[in-house]
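# Fold and geometry: a report
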Number of protein chains: 2
Amino acid sequence: MISSLMLAALSLMVSPPAAPAVADPEAPRPNLVVIFTDDLGYGDLSCYGHPTIATPHLDRMAAEGQRWTQFYVGASVCTPSRTALMTGRLPIRSGMCSSQRRVLFPDSAGGLPASEITLAEALKDLGYATGMVGKWHLGHLPEYLPTNHGFDSYFGIPYSNDMDRLASSPEGRVAITEPEIEYFNVPLLQDTEILERPADQRTLTRRYTEQSVRFIRAQAEGNQPFFLYLAHTMPHVPLFRSEEFVDVSRRGLYGDVVEEIDWSVGQILDTIRVLGIAEETLVVFTSDNGPWLTYDQQGGSAGLLRNGKGSTWEGGMREPFLAWWPGTVPAGQVVPDLGATMDLLPTAVLLAGGEPPSDRVLDGVDLRPALLGTGPSPRDSMFYYRGTELYAVRLGPFKAHFITQEPYGRDTNRIEHDPPLLFHLEHDPSERFDISADHPEVLAAIQSLADEHRGSVEPVPNQLEPRIAAD
Amino acid sequence: MISSLMLAALSLMVSPPAAPAVADPEAPRPNLVVIFTDDLGYGDLSCYGHPTIATPHLDRMAAEGQRWTQFYVGASVCTPSRTALMTGRLPIRSGMCSSQRRVLFPDSAGGLPASEITLAEALKDLGYATGMVGKWHLGHLPEYLPTNHGFDSYFGIPYSNDMDRLASSPEGRVAITEPEIEYFNVPLLQDTEILERPADQRTLTRRYTEQSVRFIRAQAEGNQPFFLYLAHTMPHVPLFRSEEFVDVSRRGLYGDVVEEIDWSVGQILDTIRVLGIAEETLVVFTSDNGPWLTYDQQGGSAGLLRNGKGSTWEGGMREPFLAWWPGTVPAGQVVPDLGATMDLLPTAVLLAGGEPPSDRVLDGVDLRPALLGTGPSPRDSMFYYRGTELYAVRLGPFKAHFITQEPYGRDTNRIEHDPPLLFHLEHDPSERFDISADHPEVLAAIQSLADEHRGSVEPVPNQLEPRIAAD
């Protein structure tokens, strides 16, 4: 007997990616703009409670749309988190996570497998024009770049802005905390070609914005809907901003950088308003993972959430999430429902009249009810991986930690918990009060959900460990 | 030679309270409503980033007015904090703080001295009708009650709702964390008479609201401006709420209680709107001190700020502050300027056309420029006392801790710091990174400000230690 999971695995090996079918000709087919930042914390926007970072454009976006308060990313570091966003699946399903190298590096040989269906491919198959601007980090070799994963065009850097350091740069952290652009050799790409190397990081936020505005204007003239993925390089260290944003923020350098991103969001939304396409355009804003707390004042804040980037505590994986679509997404709503970046793929495909891929396990769910204000989010769980290991599981308001570990540092203090730690995240969002002793039934339910989930995971090649052979 | 400080001290001893003079007949003379809560944290409202406490009425108040992000109270516990609000002065100036008993208790013999000029007296002298509803905690003996401190009427409880426990209540914390109303003998007063004992705490928030609405309606018919001080008993433990608010909040019991207060704010603002007096009424919302963190899930959250109630870390003394006055206070502003509850007295008196008392040291400043959107707040410093000791001083964005101490617990770990700890609160609102070594010039400036401040403090009788003689 061949199980359906085995069949799914077989189909992965033998078939080309299945194109989503256009199933609903009456669907609204909105344009989609995904604005994604890097290492922004849950507490770093004014509308999420930061006292000294001014984000008037994001605050306005929230006031005109929805502000979600329990929205997750698929992993607590860059590469696997972006994989989740692009594929609608946990990164464990595509090999885009590892417990040694946690992200891709400039010497990595791997990348997002061609067998994965990206959000761009899914929407392109439904007739969308697709463009990407910004940081990719799903493989820098040509076959892995955005234009080979469903994007018509690409302008951005292929991996993190602290990678590719030149031997002439100062040793250690100082090159990152007191950076000069020539310390890093990160290339700026146009499609698959190098446009500039090193990229002038001071102007990246501004140039990403200009490229995005240009893309939106060009698309608005056509009769295709469009998908724009704008993935800011900032506020990942080393922190750079344009001259216009030097010393503008009360929060110092980090604030300057976030305030330039806020300006950028204002530019995007104003462009959409001026073009008269606001009522046909869904814009969402979120980030890849929590703040990098080991960079002191150059790292952000997770607000009231515990820990940050690299950790499976909430501060590592819960992010600001704003959704804006005037006339369709209700204005001024605070949404405490569960959501995740993985949900964007099925949600966008359904909004575009298609059917999400059915030949593989999707971890994303259809967020349309919550997004359109017609009902609750169907998401009721969340899996928190570190590398390839499942560290924690949320079910309803409860979260069980099987393993905890500090994200960085010499002693990361890995602890296996038996029984797991248990927190009621809605009563205790800061994960302070372990209530495992009071709720054995909840632990049992979470254990069984974890087992079921593990059973759905097929072994796939690890994409993060292989390295390019040295010359 | 007699110094001006000595003259001020002499005048305190020999003169009756000086009435503020009506100096500006063109002043707007707005009605003033001060809504004050108890132990609410900086992070407990949705508009300050709480993920699971729904506060739509407060969020709307913020959207229609100002949301301040660096607003302080005068002390980190109840009695001295309320003294600061009522007098416009640090509690050290009236003897309303002590390093043994930190607040007044049911056996306390002291209270706010008659020589102090309260906000109610100052506005009454300028022709305002004055009413108070809620928790007083500035002395429960008749001479100290609100109607002997400038309020025309009073309805509320005289001290904290966890005091006055009956001998028949269970021992220890359980009486507070799993409370019944009959465990506490706290009286409900009308003016100076006991109306109900024990007060039915379940309905206090509702009844305070009804009384407040009745007061506003009655005043709106007259031709005097009015001042209403609504000081909620909640969310101080033991937590109680009306039947309508049982299990309404995702945040559990604490959330229910805060959501009932949010409802109450909605009732107050709606009453003001319906009566057509919104453009003549300034409403402010804040709390007395930070969250009581030792009460686990029954305590609130200071958001990204460090520590809570009882502490001179930011979480103890920085609070949400909303200001609403349609047509006059700019709508939708986030205000990062410094402000403090002590500023309300001079600000309100000036708005009413009077002059703040000039015969004593006032610690409050005129917030009108920031409140009306015409300029920055003149406040640039803040003094953080624990009891009668100065623990920390803020100057501009910098805060120096001379002494730190855990607020509660068996080992409060009092530490004197030499040099003081130094934090840049605007870059580092969570007080994580001591930068004292980098800024000796800032430490010197703060030391000199602290010395100057200490020199302005005259010895006065301690009001918190004396006890009522046993029968």
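Residues numbered from 1 in each chain as written. Chains lettered and ligands numbered in written order. Predicted model: local features only at pLDDT ≥ 70, side-chain atom pairs only at ≥ 80, totals over all residues. Heavy atoms only, no water.

### A look at the sheet that holds strand S14 (residues 415-424) of chain B
Residues and elements named next belong to chain B.
- If you trace the four strands from one edge of the open sheet to the other, you get S11-S12-S13-S14, paired in antiparallel fashion. One side of each edge strand has no neighbouring strand; the edge strands of this open sheet are strand S11 (381-386) and S14. On average, adjacent strands in this sheet sit at an angle of 20° to one another, irrespective of strand direction.
- Judged from the six bridges that link them, S11 and strand S12 (residues 389-395) form a sheet pairing that is antiparallel. What sits directly across from Arg-386, in S12, is Glu-389.
- Against the sheet, helix H11 (residues 440-455) makes contact with S11, S12, strand S13 (398-404) and S14, and its axis sits at roughly 130° relative to S12, the strand it touches most. (Pairing = 2+ DSSP bridges. Helix = DSSP H or I, 4+ residues; strand = E, 2+ residues; numbered from the N terminus. Axes fitted to C-alpha atoms, helices over the stretch in contact; angles between N-to-C directions. Contact = heavy atoms within 4.5 Å.)

### Regarding the pairing of strand S6 (residues 193-196) of chain B
Residues and elements named next belong to chain B.
- Where strand S5 (residues 188-190) meets S6, three bridges bridge the pair, whose relative direction is antiparallel. When the bridges of S6 are listed, Leu-188 appears paired with Glu-196.
- Counting the residues that bridge the hairpin from S5 to S6 gives two residues, and of these Asp-191 lies at a positive phi of roughly 55°.

### Comments concerning the environment of Leu-282 of chain B
- Its location among the elements puts Leu-282 of chain B in strand S8 (residues 281-287).
- Separated by 53 residues in the primary sequence, Leu-282 of chain B and Val-335 of chain B have C-alpha atoms spaced 16 Å apart.

### What to know about the pairing of strand S4 (residues 153-156) of chain B
Residues and elements named next belong to chain B.
- By the bridge criterion, three bridges tie strand S3 (residues 129-134) to S4 in an arrangement that is parallel. Counterpart to Gly-131 in the pairing with S4 is Ser-153.
- Sheet topology note: the S4/S5 ladder contains two bridges and is antiparallel. Residue pairing across strands places Gly-156 opposite Leu-189, the latter belonging to S5.

### Considerations on the layout of surface pockets
- When its volume is computed, the largest pocket comes out at roughly 970 Å³.
- Looking at the largest pocket, it is lined by 44 residues, and the ones nearest its centre are Cys-47 and Asp-59 of chain A together with Cys-47, Asp-59 and Ala-63 of chain B.
- Along the lines of polarity and charge, the residues of the lining of the largest pocket split into 20 nonpolar, 14 polar and ten charged.
- There is about 760 Å³ of room inside the second largest pocket.
- The wall of the second largest pocket is formed by 40 residues, among which Gly-303 and Leu-305 of chain A together with Gly-303, Leu-304 and Leu-305 of chain B lie closest to the centre. (1 Å grid on protein atoms, 1.4 Å probe; cavity = no way out; pocket = protein on both sides within 12 Å on 5 of 7 lines; lining within 4 Å. Points joined across faces, edges and corners; volume = space filled by probe spheres on them. Nonpolar A, V, L, I, M, F, W, Y, C, P; charged D, E, K, R; others polar.)

### Side note on the relation of the copies chain A and chain B
- If you rotate chain A by 180° and push it 0.0 Å along the axis, it lands on chain B with an RMSD of 0.0 Å. The superposition of one copy onto the other is thereby described by a two-fold rotation axis.
- Interface residue correspondence from chain A to chain B reaches 100%, placing this contact among same-surface, isologous pairings. (Least-squares fit on C-alpha atoms with pLDDT ≥ 70 in both.)

### Here's the deal with the sheet that holds S6 of chain B
Residue and element names in this part refer to chain B.
- Across the sheet, ten strands lie side by side as S6-S5-S4-S3-S7-S1-S8-S9-S2-S10; this open sheet has mixed pairing. Since the sheet does not close on itself, it has two edges, and those belong to S6 and strand S10 (333-340), each with one partner. Strand-to-strand, the axes of this sheet are offset by a mean angle of 20°, without reference to chain direction.
- Alignment of strand S2 (residues 66-72) against strand S9 (residues 318-324), held across five bridges, turns out to be antiparallel. Within the sheet, the bridge partner assigned to Gln-66 lies in S9 and is Ala-323.

### So, the interface of chain A and chain B
- Each partner contributes to the interface: chain A provides 33 residues, whereas chain B provides 33 residues.
- Here chain A meets chain B over a buried area of about 2,700 Å², counting both sides, of which 49% is carbon and sulfur.
- Interface area lost by chain A to chain B is led by Pro-51, Arg-250 and Gln-297 of chain A, which between them contribute 24%.
- Inspection of the region where chain A meets chain B yields four salt bridges.
- Put simply, chain A and chain B have 14 residue pairs in polar contact (both at pLDDT 80 or more) between them.
- When its residues are assigned to classes, the side of chain A that touches chain B shows eleven nonpolar, twelve polar and ten charged. (Buried area = accessible area lost by both parts, 1.4 Å probe. Salt bridge = Lys/Arg side-chain N within 4 Å of Asp/Glu carboxyl O. Polar contact = N/O pair within 3.5 Å; in protein donor to acceptor, adjacent residues only side chain to side chain.)

### So, helix H2 (residues 56-64) of chain B
- Residues of H2 of chain B that are buried include every one of Leu-58, Asp-59, Met-61 and Ala-62 of chain B, and no others. For H2 of chain B, the angular spread of buried residues about the axis comes to 155°, placing them on one side. (Buried < 20%, exposed > 50% of the residue type's maximum accessible area, 1.4 Å probe, protein only. Arc of directions from axis to C-beta.)

### As for the domain arrangement of chain A
All names here are of chain A.
- Domain assignment breaks chain A into domain 1 (30-379) and domain 2 (383-455).
- Domain 1 puts 25 residues into the contact, and the matching count from domain 2 is 25 residues.
- Carbon and sulfur atoms supply 53% of the area buried between domain 1 and domain 2, which totals about 2,200 Å² over both sides.
- Seen at the junction of domain 1 and domain 2, the total is one salt bridge.
- Here Glu-314 makes a salt bridge to Lys-399, at a shortest N to O gap of 2.9 Å.
- Among the elements of the structure, strand S2 (66-72) and helix H8 (314-317) are those that each provide at least two residues to the side of domain 1 that touches domain 2. (Domains from an automatic or database assignment.)

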